[in-house]
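# Coordinate analysis (summary)
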Amino acid sequence: SQANFEEDSQKEAAVVHWKTLMPSKGSKEEPETGCQDAGGVDETQSAEQLNVSRLRSSSVEIREKGSEFLKEELHKAQKELKLKDKECERLSKVREQLEQELEELTASLFEEAHKMVREANTKQAASEKQLREARGKIDMLQAEVTALKTLVITSTPSSPNRELHPQLQSPSKAVFRKGHGRNKSTSSAMVSAASQNVTPEPVSHERKEVDSILFAEFQAWKESPTLDKSCSFLDRIYREDVGPCLDFTKQELSELVRVAVEQNTLTIEPVASQTLPVVKVSAEECGGPKKCALSGLPRTCKHRIMLGDSGSYYYISPSCRARITAVCNFFTYVRYIQQGLVRQDVELMYWEVMRLRREMSLAKLGFYPSEM
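Sequence order as written defines residue numbering, which begins from 1 separately in each chain. Local features are withheld for residues below a pLDDT of 70 in this predicted model, meaning they are given only at 70 or higher, and side-chain atom pairs are given and counted only at 80 or more; totals for whole chains, interfaces and linings count all residues. Hydrogens are left out, water is left out, and the side-chain values use all remaining heavy atoms of the structure.

As recorded in an unreviewed UniProt entry, the protein chain goes by R3GEF factor and comes from Oceanodroma tethys. Looking at the Sequence similarities (unreviewed entry) heading of the UniProt record, one finds this comment for the protein chain: "Belongs to the SEC2 family." UniProt positions are given in the numbering used here, feature names are shortened, and annotations may be inferred rather than shown by experiment.

Here is the structure:
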């Protein structure tokens, strides 16, 4: 740019010098005078030199100013370039940080997704396992309900079926295997009418009258049957029948028997007779025990009981067996009602409960059939 500026300045100086040499249009030519005097020539030369010096000084000033302006512009451009470099560096750092955060976020999302998939698979496997177990339990419960319904239809506490329950047969007719036969309290509760059949009078010849208080308590319990003895129906029976019937001389053992009856974990077994073959008992059981564990009295014990899975046996007299069996019969029938297996009129169920209470009352007073 400076070269162009100097070239233009030289061109302008040449033009000015040419104009000074050319005559003006208004002047007249004097052919007579062929040359100028020496004084005029000197003045013209000095004027030309002055003009040239002025042009040179002005070109130097312009060059210096242009140089300063260009330096300022260059400095500004350098500053702007540095600022842009810093901005580019900052933006590149921001970009790198964003890319790193994006990678970390993507990795964490994938890890969380895999974790959720693993947890879902684990929960699904556990749910499928629980479903299979629940279906197995349902099938088992359905089979038990069907069996209980069949049992209720074919053999009720009031009329047990001896063919379906060989444990109800008398000891002389029972077939012993491995030394004894076993029956839980749920099935031994069926012994009521079979083992205590005292040939009662026909129902048609028996007069009965419903007690309004007892019937109201039974109806209230029947609306929501439960085995909780806090209800008025069971509370009365516990106080009047169950408690006295299971109140033996050995108080501690009596309490264990009551709990086992309530929890349905009592087992009653007939004691094998010495006259029966293939019966092998321990030396402690040889000859048969002669003392009742509940009353503490010397009695011939034909049965023994086991509480839960303790493995300990207690020999009981026929009277104690009749009392325990009467209570088991009552609880069995109450459980049937609770499970919805008894489909009878409320009044018929009430009278069956009263009959079972009468059996408990007779047993606690010492009455029991000779088959015991």
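That covers the picture; the talk isn't over yet.
A few words now on the overall build of the protein chain. Scanning the protein chain from terminus to terminus reveals 9 helices and 4 strands. For the protein chain, the sequential pattern of α-helices and β-strands runs α-α-β-α-α-α-α-α-β-β-β-α-α. Note on contacts: a residue pair qualifies if any of its non-hydrogen atoms lie within 4.5 Å across the two residues. Across the protein chain, contacts joining residues at least 24 apart in sequence account for 73% of those joining residues at least 6 apart. Per-residue and other accessible areas were derived by the Shrake-Rupley procedure at a 1.4 Å probe size, with only the shown protein chains allowed to occlude residues. Split by element, the accessible area of the protein chain, about 25,900 Å² in all, is 55% carbon and sulfur. Only DSSP runs of H or I reaching four residues or more are called helices, and only runs of E reaching two or more are called strands; each is numbered from the N terminus.

Turning next to the nonpolar core. The term nonpolar core refers to a set of buried residues drawn from Ala, Val, Leu, Ile, Met, Phe, Trp, Tyr and Cys, joined through side-chain atoms within 4.5 Å. Under the scheme applied here, a residue whose accessible area is under 20% of the maximum for its type counts as buried, over 50% as exposed, and between as partly exposed, the area being computed with a 1.4 Å probe on protein chains only. Core analysis: the biggest nonpolar cluster contains 46 residues, and Leu266, Leu294, Ile324 and Phe330 have the highest contact counts within it. Elements supplying a minimum of two residues to this core: helix H5 (212–223), helix H6 (232–245), helix H7 (251–262), strand E2 (266–270), strand E3 (303–307), strand E4 (313–316), helix H8 (318–338) and helix H9 (346–364). In terms of residue count, H8 provides more of this core than any other element does, 11 residues in total. In this view, Phe330 contacts Leu234, Ile237, Val353, Leu356 and Met360; residues no more than four positions away in its chain are not counted.

All right, on to the packing of H5 against H9 then. Two numbers describe how H5 lies on H9: the axes approach to 11 Å, and their chain directions differ by 115 degrees. Considering the angle they form, H5 stands roughly perpendicular to H9. Every pair of crossing elements has a handedness; the one defined by H5 and H9 is right-handed. Residue-level inspection shows Leu214, Phe215, Phe218, Gln219 and Lys222 of H5 in contact with H9, the latter providing Val346, Glu347, Met349, Tyr350, Val353, Met354 and Arg357. In the scheme used here, Gly and all other residues not listed as nonpolar or charged are polar, with Ala, Val, Leu, Ile, Met, Phe, Trp, Tyr, Cys and Pro taken as nonpolar and Asp, Glu, Lys and Arg as charged. Broken down by class, the residue content of the contact of H5 with H9 amounts to 8 nonpolar, 1 polar and 3 charged. In this description, a line fitted to the C-alpha atoms serves as the axis of each element, helices being fitted only across the stretch in contact, and the angle between N-to-C directions of two axes falls anywhere from 0 to 180 degrees. For this classification, under 35 degrees means roughly parallel, over 145 means roughly antiparallel, 65 to 115 means roughly perpendicular, and everything else is oblique. Crossing handedness is defined as follows: a turn of the near helix away from the far one that is anticlockwise and smaller than a right angle gives a left-handed crossing, while the clockwise case is right-handed.

Let's shift gears to the packing of aromatic side chains. Here a Phe, Tyr or Trp ring, Trp counted by its six-membered ring, pairs with any other such ring whose centre lies within 6.5 Å, and the pair is stacked when the planes are under 30 degrees apart, edge-to-face when over 60, and tilted otherwise. Here the structure, examined in full by the defined rule, presents 8 aromatic pairs. Residues Phe330 and Phe331 carry aromatic rings whose centres are separated by 5.6 Å and whose planes lie at 70 degrees to one another, so their mutual orientation is edge-to-face. By the burial criterion, Phe330 is buried, and Phe331 matches it. Taken together, the ring pairs in this structure connect Phe215, Phe218, Trp221, Phe233, Tyr350 and Trp351 into an aromatic cluster. We count a charge as sitting over a ring when the NZ of a lysine or the CZ of an arginine lies within 6 Å of the ring centre and within 35 degrees of the ring normal. The ring of Trp351 carries the charged tip of Lys208 above its face, separated from the ring centre by 4.7 Å. The positively charged end of Arg304 is found above the aromatic ring belonging to Tyr313, 3.8 Å away from the centroid.

To continue, consider H9. Between its terminal C-alpha atoms H9 stretches 27 Å, which fits the 27 Å expected from 19 residues at 1.5 Å a residue. Two or three places before Glu347, at the start of H9, stands the capping residue Asp345, its side-chain oxygen 3.1 Å from that residue's backbone nitrogen. Directly after H9, the chain includes Gly366, whose backbone phi takes a positive value near 100 degrees. Each helix should span, by expectation, one fewer than its residue count multiplied by 1.5 Å. Whenever two N or O atoms come within 3.5 Å, that pair is a polar contact, provided that in protein one can donate a hydrogen and the other can accept it, and provided that, for residues adjacent in sequence, both atoms are side-chain atoms.

A separate point is the pairing of E2. Residues in a regular strand project their side chains so that they alternate between the two faces of the sheet. Most of E2 is tucked away: 5 of the 5 residues are buried. Burial along E2 is two-sided: Leu266, Ile268 and Pro270 and Thr267 and Glu269, pointing in opposite directions, are all buried. One ladder, built from 5 bridges, connects E2 with E3; its direction is antiparallel. Residue pairing across strands places Glu269 opposite Arg304, the latter belonging to E3. Note: two strands are recorded as paired if DSSP finds a minimum of 2 bridges between them.

Moving on to the environment of Tyr336. On the secondary structure map, Tyr336 appears in helix H8. Between the C-alpha atoms of Tyr336 and Leu148, which are 188 residues apart in sequence, the distance is 8.4 Å.

Before going further, it helps to examine the environment of Tyr368. Inspection of the secondary structure puts Tyr368 in the segment after H9. Here the alpha-carbon distance between Tyr368 and Ala322, two residues 46 residues apart in the chain, equals 6.2 Å.

A few words on the pattern of salt bridges. Two side chains carrying opposite charge are able to pair once their charged atoms lie near each other. The salt bridge criterion pairs a side-chain nitrogen of Lys or Arg with a carboxyl oxygen of Asp or Glu, the two atoms within 4 Å. A complete count under the given rule lists 13 salt bridges for this structure. For Glu87, the salt bridge goes to Arg90, with nearest N and O atoms at 2.5 Å. On the criterion of helical spacing, the pair formed by Glu87 and Arg90 is a turn pair, its members being 3 residues apart in helix H2 (residues 38–154). For the salt bridge of Arg236 with Glu217, the shortest nitrogen-to-oxygen distance reads 2.9 Å. Here Glu217 lies in helix H5 and Arg236 lies in helix H6, a separation of 19 residues in the sequence. Per residue, the accessibility class of Arg236 equals that of Glu217, and both read buried. Within this structure, Glu217, Arg236, Glu240, Asp241 and Arg357 form a network of salt bridges that share partners.

Time to look at H6. Turn by turn, an α-helix covers 3.6 residues, leaving residues three or four places apart pointing in a common direction. Given a rise of 1.5 Å per residue, 14 residues ought to cover 20 Å, and the 19 Å separating the end C-alpha atoms of H6 matches this to within 8%. Maximum bend of H6: about 50 degrees, positioned at Tyr238. Listed as buried for H6 are Phe233, Leu234, Arg236, Ile237, Tyr238, Asp241, Val242 and Cys245. Those residues of H6 that are buried lie in contact with H5, H7, H8 and H9. Bend is the name given here to the angle between axes fitted to two runs of seven residues, the run ending at a residue and the run starting at it.

Within the patch definition used here, like charges are joined within 9 Å and nonpolar side chains (Val, Leu, Ile, Met, Phe, Trp, Tyr) within 5 Å, considering only residues with over 30% relative accessible area and no salt bridge. Taken together, the side chains of Leu362, Leu365 and Phe367 define a hydrophobic patch exposed on the protein surface, amounting to about 320 Å² of accessible area. Of note, Leu365 is situated in the segment after H9. Take Leu365: its relative accessible area is 61%, and that puts it in the exposed class.

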